[in-house]
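# Fold and geometry: a report
Spelled out from the first residue to the last, the chains are:
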Amino acid sequence: MAEIAAVEETFKRLQSHRGVLGVLVVNGDGIAIRSTFDNETTVAYAALVSGFTVKARRAVRQLDADNELRFLRIRSRKHEIMVAPEFERGEYALVVVQDPAAE
């Protein structure tokens, strides 16, 4: 029960930052288990970001077998997507989407 409260507190804290459009937690299979987005947006971000994260993790390991991906940041004109792939003991990825113009 304490873990659920900690996740809820993290969501509230992240959502309170200026420019944050949404937050989601994705499991190892690329399925969102918690999100502040609508269903369609959640499914799109979960699938695309988890696939991209797997490829980024693989690239880091191919460049240096003793290294690992800790954080991934993707910035476009409209959005900035930040991924913490080792959220909650590495079982989940935490994804935050924000508007970079709101900084």
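Residues numbered from 1 in each chain as written. Predicted model: local features only at pLDDT ≥ 70, side-chain atom pairs only at ≥ 80, totals over all residues. Heavy atoms only, no water.

### Notes on the nonpolar core
Selection rule: Grouping buried Ala, Val, Leu, Ile, Met, Phe, Trp, Tyr and Cys residues that are joined through side-chain atoms within 4.5 Å yields what is termed a nonpolar core. When accessible area is computed with a 1.4 Å probe and restricted to protein chains, residues below 20% of their type maximum are described as buried, those above 50% as exposed, and intermediate ones as partly exposed. Working definition: helices are DSSP H or I runs of at least four residues, strands are E runs of at least two. Numbering for both runs from the N terminus. The criterion used for residue contact is that any of the two residues' heavy atoms lie within 4.5 Å.
Ranked by size, the top nonpolar core spans 14 residues in total, and within it Leu 24, Tyr 45, Val 49, Ile 81, Val 83, Val 95 and Val 97 carry the most contacts. Counting residues per element, the ones that place at least two in this core are strand E1 (20–27), helix H2 (39–63), strand E4 (80–87) and strand E5 (92–98). Per-element accounting of this core gives the leading share, four residues, to H2. Sequence-distant contacts of Val 95, that is, excluding residues within four places in its chain, are made with Gly 22, Val 23, Leu 24, Val 26, Val 49, Ile 81, Met 82 and Val 83. In this structure, Phe 11, Val 20, Leu 94 and Val 96 belong to the second largest nonpolar core, which totals nine residues.

### Some details on the side chain of Glu 80
Stated formally: We define a polar contact as two N or O atoms separated by no more than 3.5 Å, with the added condition that, inside protein, one atom must be a possible hydrogen donor and the other a possible acceptor, whereas residues neighbouring each other in sequence contribute only through side-chain atom pairs.
Along the chain, Glu 80 turns up in strand E4. Glu 80 sits in the buried class, given a relative accessible area of 1%. Among the polar contacts made by the side chain of Glu 80, one reaches the side chain of Arg 73 at a distance of 2.5 Å. Side-chain polar atoms of Glu 80 contact the side chain of Gln 98, separated by 2.6 Å.

### Points about the confidence of the model for the protein
Formally: Values of pLDDT, which run from 0 to 100, indicate the predictor's confidence residue by residue.
Here the protein averages 89 in pLDDT, and 92% of its residues register 70 or above. Ranking the elements of the protein by mean pLDDT puts helix H1 (residues 2–15) last with 80 and strand E3 (residues 72–75) first with 95.

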